[in-house]
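# Understanding the architecture of this molecule
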Amino acid sequence: MTVPTGRRERKKAATRQKIAETALRLFLERGYEAVGIRDVAAEADVAVTTLFSHFASKEALVFEQDENFEQRLTRAVTDRAPDEPLVPALHREILALVRHCTADGAAPLWRMIDASPALREYEEAMRLRHAEAVASVIAADPGLARSATACRAIARFAIDAFSLARDAADPEAAVDEIFQMIEAAWKAA
């Protein structure tokens, strides 16, 4: 994520961060369903309209890093070295994201997400959107000449690797195992 340079941008970023941290703290303390948008806004000392200028929905407060994750995934494709194959670049980024999301202290967040139908639905929609973004950049790369279907399938496999690994006893080993299969599928395409 880029660091805001101007005073106004820094203030907006600080407000967004304060809202997200406040929301997460309240959700974990009281339960996601028990906390309303007005509760978050009041605790963060911002107007509800200010909260909504930073976050489109209550669910978006939980997945505050959503945009950053999507950018990281698409940059794994577009910013890789000219001689670096696609699958190892995706593998590396998914592994980094899994490490981040399974670090100490992350378990309560994922338990909250798993317990909420609204959050699970939002996460699924988010994963599909990420997969479409990754598929688009793969398809746009002339060095990766594959069908649109192959690009979409590999992108979905890579995004789903994150979710599958997050729930595994050994997340990093799960990522490695899944990406062995993804590599074979990409070669077969």
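Notes on the structure follow. (Residues numbered from 1 in each chain as written. Predicted model: local features only at pLDDT ≥ 70, side-chain atom pairs only at ≥ 80, totals over all residues. Heavy atoms only, no water.)

### Side note on the overall build of the chain
- Of the regular secondary structure elements, the chain holds 10 helices and zero strands.
- Going from N to C terminus, the chain has its helices and strands arranged as α-α-α-α-α-α-α-α-α-α.
- The C-alpha extent of the chain, read off along each of the three principal axes, is 55 × 40 × 25 Å.
- Per-residue burial over the chain gives 42% buried out of 189 residues. (Helix = DSSP H or I, 4+ residues; strand = E, 2+ residues; numbered from the N terminus. Buried < 20%, exposed > 50% of the residue type's maximum accessible area, 1.4 Å probe, protein only.)

### Structural notes on the packing of aromatic side chains
- Tallied over the entire structure, the rule returns three aromatic pairs.
- Centroid distance Phe63 to Tyr122: 5.4 Å. Interplanar angle 20°. Geometry classified as stacked. Taken together, the residues span a long stretch of sequence, with Phe63 in the loop between α4 (58-62) and α5 (66-78) and Tyr122 in helix α8 (residues 117-140) at a distance of 59 residues.
- Residue Phe63 is classed as buried on the basis of its relative accessible area, which comes to 8%.
- On the numbers, 6.3 Å between centres and 65° between planes, the contact of Trp110 with Phe162 is edge-to-face. Here Trp110, found in helix α7 (residues 107-115), pairs with Phe162, found in helix α9 (residues 148-166); they are 52 residues apart in sequence, far enough to count as distant. With respect to burial, Trp110 and Phe162 carry one shared label: buried. (Phe/Tyr/Trp six-rings, centres within 6.5 Å; stacked < 30°, edge-to-face > 60°.)

### Some thoughts on the pattern of salt bridges
- If you walk through the whole model with that rule in mind, you get 17 salt bridges.
- Between Arg16 and Glu64 there is a salt bridge, with the nearest N and O atoms lying 3.9 Å from each other. Placement of the pair is Arg16 in helix α1 (residues 7-30) and Glu64 in the loop between α4 and α5, with a sequence separation of 48 residues.
- Since its relative accessible area comes to 22%, Arg16 is described here as partly exposed.
- Here Glu123 and Arg166 are joined by a salt bridge, their closest N and O atoms 2.8 Å apart. One end of the pair, Glu123, is in helix α8; the other, Arg166, is in helix α9, and 43 residues separate them in sequence.
- Since its relative accessible area comes to 10%, Arg166 is described here as buried.
- Counted as one network, the salt bridges with shared partners bring together Asp114, Glu123, Glu124, Arg127, Asp160, Arg166 and Asp167. (Salt bridge = Lys/Arg side-chain N within 4 Å of Asp/Glu carboxyl O.)

### A short note on the layout of surface pockets
- The computed volume of the second largest pocket comes to approximately 450 Å³.
- Contributing to the lining of the second largest pocket are 22 residues, with Leu24, Val62, Gln65, His100 and Leu109 lying nearest its centre.
- For the lining of the second largest pocket, the secondary-structure elements that each account for two or more residues are α1, α4, α5, α6 (86-101), α7 and α8.
- The biggest single contributor to the lining of the second largest pocket is α1, with four residues. (1 Å grid on protein atoms, 1.4 Å probe; cavity = no way out; pocket = protein on both sides within 12 Å on 5 of 7 lines; lining within 4 Å. Points joined across faces, edges and corners; volume = space filled by probe spheres on them.)

### Thoughts on the side chain of Glu93
- Within the secondary structure, Glu93 is located in helix α6.
- With relative accessibility at 16%, the residue Glu93 sits in the buried group.
- Contacts of Glu93, omitting those with residues within four sequence positions, involve Arg72, Leu73 and Ala76. (Contact = heavy atoms within 4.5 Å.)

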